[in-house]
Structure formats: structure tokens, C-alpha cells
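Listed here are the chains, written in short residue letters.
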Amino acid sequence: MWLLCGCTSKCLLTSSSRRVVRYSHNFLGKSFNKAACLPEAAGFEGVSDHSGLQQFSVSQTDRFWGAVARQRLTWISPFHTVQDCDLSQGRIKWFEGGKLNVSVNCLDRHIHTFPERVALIWERDEPGSEVKITYRQLLEATCRLGNLLRRRGVKRGDCVTLYMPPCPLAVASMLACARIGAAHNVVFAGFSAEALADRIRDAQSSTVITVNQGVRGGKVTELKKTVDMAVQSCPSVQQVFVAMRTENPVVMTARDVAMEEEMLREAVVCEPAAMDSEDVLFLLYTSGSTGKPKGLVHTQAGYLLYASLTHRYVFDYHDGDVFGCVADIGWITGHSYSVYGPLANGGTTVLFESTPVYPDPGRYWEMVQRLKINQFYGAPTAIRLLLKYGDQWVNKYDRSTLKTLGSVGEPINTEAWDWYHRVVGDGRCPVVDTWWQTETGGICIAPRPSNPDAEIVPGMAMRPFFGIRPVLMDSEGKTLTSNNTSGALCIAQPWPGMARTIHNDHQRFTETYCQPYPGYFFTGDGAYRSKEGYYQIIGRLDDVINVSGHRIGTAELEDVVNQCPAVAESAVIGYSHDIKGQGVYAFVVLKKGVDVQEAELARQLQDMVSKSIAKYASPDFIQFVRRLPKTRSGKIMRRVLRKVVERDLDGLGDLSTLDDPAAVQEVIQGHQDLCGKEQPQ
Ligand code: WT7
């Protein structure tokens, strides 16, 4: 057990002193000018402020991104073409001809200037047991692991699946893949064995990397055992690397590799592969509106550039700041803002292993004080939860280091926004509500960067980032040009961070994102543009629900529920939930003649969802009905079901197309029996 193990006493770094450095906050950037805002823009004529720069970035896209890419990335050989894109064909290529290595950009180039700077602060589950890893140490671990992967047959173009909690070895694993030219596929360690197996099979991984056990919120989870279960149905898997997060031994088979031990035998120098800009960097699975999750593909140069630029400017990240993104590395937020963005910028980034309420609801703010975090990036669901516990958990701790507060994953309601701003940030930190998606690679709409005195309206994502041209579409596919209007949110031109395809299914990529509004990238979200031209995200337009900032397709849930032998059919919808944003509500029709105890069956169905997907996806409510409201052509009317659950009976609308209007009455009655007169929470 070495370097990154669960045992602090053996780790190379002790925690820092507890002295709090007071930050004299000039976050509004008194020195704001073109050069300070974006040094790369120095050569852009006519650009005098942020909005000028934004204009320039969308009108002279190639000049903008060409200059930024040359400045910010370290190339092995230069690119010859900034972009070759045709959204209507689903063709997206950036920086062709260029060769680079992402791990070199995240590690080696910083080693020359600050080898001993802390790259990662691993905020382990137990408060006060953080471990700091310098750039030199992270490079060393990455190289050893890169060599080990190579020696054990992992080749350029292979895809390695990671099933790990946020920890330095997970980051080293991602970067080791990047170093040798393999793609990684990080699967959130809360997913079940079945969900993991689906993703391993789809990615065709022969190597899986995991840890013996996970530790979160004081509870131990058996991650290695879950991998053992998963790989039983994954013939492609030949080896499983196992790192030790706890000291508890696990059963190792001939297929398993004791990762830390083997790493120690490897050299600390590892030749980086010269990758083409458009080679795959990683796959990341996310839910869509069909049952099968899609493996979105991100490539090397464009993704890294976009992650680094957004990290630098949306959060106003400066050299020496400590960046605290509390997302799990299993989601895109963890990829772009715990790992790639901050490391490409030579930053110090926090890997958060715990939960917002462990050991108590002061955890985040105690951590902010102890680690002297300057930018805190979290999810509205956690803010809403903590708000309920009261201000005292925040006020107990010194948060004077905070400069920017970020929010991501779902709309942040004004009450949560206000509390975040007023209580957590003492009214002096800008709150940046950042809108983006797994597909976009990085933040696309956010209040910052912007001219320093520019207002931020609570609950609004506000302004497009450099290179982003948002467009709203009406139901006929026409562009809405006026303000104070809502429509389907599209992005009118390609940007370097966007996903390139869906693994093994380019057709699904073009159908989902490029064809609904030909020539535009369709986000799946609806948005409102205010009188002033600011954007507010309304929510998904498709059958995808957002539970605590995690996307889950209703079709995926129905597929699981329908597998139960007693179930004839089902319809799953999202309903608004106080804390989670949305909760899962399932309507279930049983097969004729089935005689079961409903409460017992409901529990079984919840269990099935936890086992097939993940605990967070499990339905909060299961309502058994004799039939579902359908159109005459047999389509389930989800709109009607949603209105019933929202108690908006006046909004039921036109029911004349229903096959059997009486079905609605039954659904209403059954809903009241299940949830009482109040709306479900
Ligand atoms: C979906 C993307 C982006 C990283 C985390 C989620 C919703 C995301 C916001 C926001 C309103 C938001 C959208 C989007 N969403 N950020 N600031 N305001 N909605 O990534 O799992 O790919 O989900 O999350 O509906 O489409 P994801």
C-alpha cells in the first residue's frame, strides 16, 4: 500500500497548517481589461471588453479558437485546420493535424515550473484526513500506471473502464489512459453491477480498474465485489486492477491485479503517446430517452481546451487558488472540473469522497475552512438540503477564502440561490449558475465571465460562454429572434468541447442532436430568454428526468419495471421534489389474474430498479392502476399523468383524444389514495 492508500500515516504528505489566509477579494476584477480578461485575445482587434470578446469568438470562430488553442495547449505538432465541422452531417472535427498528449498538458508541463505544487487534495470521507498530492507525485503515479497498463497489454485505442470513487488513483488512472492513448470509461461507483456490466460490454473493455471497497458517509461499499458480479457477464474483461482504499483484504482471483504493488515495480518515466486531436479521450455514459444509455465520446484537444478555458474564466480561477468541485468523478462535472480543467490550468483541485451531511450538515463549510477553498462548485439539490438544516451549520466556519460559488446539474430555485449567495457567500461572492451537459463537455451558459459590473440575476444561467451561440426554436423549428420568449434550446455552431459521437452509434448521435433542428445542436432542454437577453433554463423537453442532478431516462426505468413477471406495463414520470429537484413516480398495470400484495410488490420493484440501475433511480411512489390513459393509437399520455401528480387537474387539457377517458378518473382517485390530498414529496 503506497502513496494513495487509505492510510494517512504512510502517505507522503501531512495536512497543512490550520491558519486561514484572509482573502482580500477583488473578484470583480478591478484590473479588468482585455488583456487581464483573456491574454490570448491580445491580437483581436476591436475587442475592448467581455461582450466584445464573446462577439468576436462567435463571429471569428476560427481565429478565436486557433489563437486560444495555440496559447493554452502544449502541442507535439501543430494543427493545420482549426475546424472542419458540419452539424447537419454530425461531422465535428477540431484542430486536425495537431498532435498532443493530454497527460503531458495536465502534468509534465507544470513540473518544470512548480513540481511541488499540490495538484490534488483528496478530501477523504473522514473529515480532517485529507491527503495532498503534488504534481510531481501525480505524474509519477500516472507514469507507473501507464507503464503497468502497457505491460499488461492495454493498447492505444483500447477502452479501460474505471469503477472507483473520487481518489488520486482514479485521477492517475484517467491520466494513465490518456498517457498511453487508451480511452477511459468512468462508471459512477453508485451504479449497480448490472448497469456497470452494460457499460463495460458496450465499451468492450478488457481492463477494469476498481478499489477493494468504497467509503462514503461512514459506510463501506463493496466495489470489488460489484465488479466481480458485473464481469461475470462481460466476456471481454481479461483483467481487473484492484487498488486498496481500505485495509480490508478482498478475494483476489487469477484475473485480478494488485494495482499498487505492481505499480511499485514500474518505472517513473512513461513515454506519452502522440495523439491526434480527434482521437478518443473518453467515453461517458448518460441516459437518453430510450432504454439504452449512450456512451458519449469526447476527444483530446478540443475537450481539454474547452474544459480549461471554462474553468479559468467561469470561476475566475487564478494561480494558487484551491478549487473545490464536490461532484463525483463518475459524472461529466467531475471529469471537466475536478480533473481536466483544473489540472490543465496547473491548479489545485479537491476530490470529495464524502456527502454534504457527513458527519453533519457543516461538512462542506468545515472543509472550505480547513482546505481554504476559493471556488466552491456544487449542486442545487445539496444546497436545498443544507438550507433546511439552518444557517448555524454555515456560520460556524470561516468561509472568507471563498471567491466564487458555482451551481450545476439542474435549475437552482431562487430560495436556494439566495441562501447560497447570502449565507454561504456572505453576500460577497458571485454565484455562477452554470448550464451544460455531458454532451457539451464544459460550461456553455453562465453569468461569468462578463464585464465586472455586469449583473447576475438569481436563478438564471445568463450568458453564453466564448464560442457559444444559443438559439431558441419554436415548435415548427423556426428560430425565435425576439427576447422575452421561450423555446427549445439549440446551439447554432460547433465548439471544441462538444461530444463527437455516441460510441458505436453515430446514427443515434445525429438523430438525437443534429437532426431535430438541422444545422443546429439540439440540447434537449427548453429555455427562456429574458427581455435583457439573458438565458434561464426551464428543463428537459424529452422523457429524461433529473433526480438530484442525475439524469435518468423514463424508458430505462420502465424497461426494468416491465421485467417483473407480474407487470403488464408501466409509465414512469418525474414529479417536482423539494430536495431532489425531481423524484420518480411509477404507474404500474399488473397482468390479469395476478394476485399480489401491492405494498410488497412495490418494494420489490424499487429493489429491482436499485439493482438494475442505481439506488438514486428507485421510484419514490408506485401507483398500481388497472389501465393507463392512452391515445387511440395506443400512446401513453404522460402529460396527463404528470398533471395528475402535480395536482393540476385544470391543466389536464384536451382529453378527447383519449381512448378511454374514465382511465383518468381512476388514476386521479388512485393517486389521492396513495399520496393523500397533498402533492407527493
Ligand atoms: C442536464 C445535463 C452538466 C453537468 C451535470 C449534469 C440539466 C445542467 C443545469 C443548470 C438547469 C441544468 C439540463 C441538462 N442541467 N445544468 N445550471 N440549470 N438545468 O450533466 O447529466 O449531462 O445532465 O442537466 O437539463 O440537459 P448531465
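Reading the values: the criteria
- Residues numbered from 1 in each chain as written.
- Predicted model: local features only at pLDDT ≥ 70, side-chain atom pairs only at ≥ 80, totals over all residues.
- Heavy atoms only, no water.
- Domains from an automatic or database assignment.
- Buried area = accessible area lost by both parts, 1.4 Å probe.
- Pairing = 2+ DSSP bridges.
- Helix = DSSP H or I, 4+ residues; strand = E, 2+ residues; numbered from the N terminus.
- Axes fitted to C-alpha atoms, helices over the stretch in contact; angles between N-to-C directions.
- Contact = heavy atoms within 4.5 Å.
- Buried < 20%, exposed > 50% of the residue type's maximum accessible area, 1.4 Å probe, protein only.
- Right-handed = clockwise from strand over helix to strand, strands pointing away.

1. A look at the domain arrangement of the chain
Accessible area lost during the coming together of the parts is what is often quoted as the interface size.
Here is step 1: Split by domain assignment, the chain resolves into domain 1 (104-117 + 132-273) and domain 2 (544-675).
Here is step 2: Computed from C-alpha coordinates alone, the two centres of domain 1 and domain 2 are separated by 38 Å.
Here is step 3: For the pairing of domain 1 and domain 2, the buried interface totals around 460 Å² over both sides, and the portion due to carbon and sulfur atoms is 46%.
Here is step 4: For the domain 1 face of the interface with domain 2, the top three residues by lost area are F191, S192 and E194, together amounting to 66%.

2. Observations concerning the sheet that holds strand β20 (residues 431-434)
Here is step 1: The strand order across the open sheet built from seven strands is β5-β4-β17-β16-β18-β19-β20, with neighbouring strands paired in mixed fashion. Among the strands making up the open sheet, the edge pair consists of β5 (131-134) and β20. Averaged over all pairs of adjacent strands, the angle between their axes in this sheet comes to 20°, without regard to strand direction.
Here is step 2: Pairing geometry for strand β4 (residues 118-123) and strand β17 (residues 348-352), over four bridges, is parallel. Bridge pairing links W122 to L351 in β17.
Here is step 3: Along the sheet, helix α11 (residues 332-344) makes contact with β4, β16 (322-325), β17, β18 (375-378) and β19 (404-408), crossing β17 at roughly 155°.

3. Comments concerning the pairing of β19
Here is step 1: The element β19 is largely enclosed, with a buried count of five among its five residues.
Here is step 2: Across the two faces of β19 the burial is the same, with T404, G406 and V408 and L405 and S407 all buried.
Here is step 3: Pairing of β19 with β20, which is carried by four bridges, proceeds in the parallel orientation. Considered in β20, the bridge of G406 is made with V432.
Here is step 4: In this region the chain leaves β19, passes through helix α15 (residues 414-424) and returns to the parallel neighbour β20; the handedness of that crossover is right-handed.

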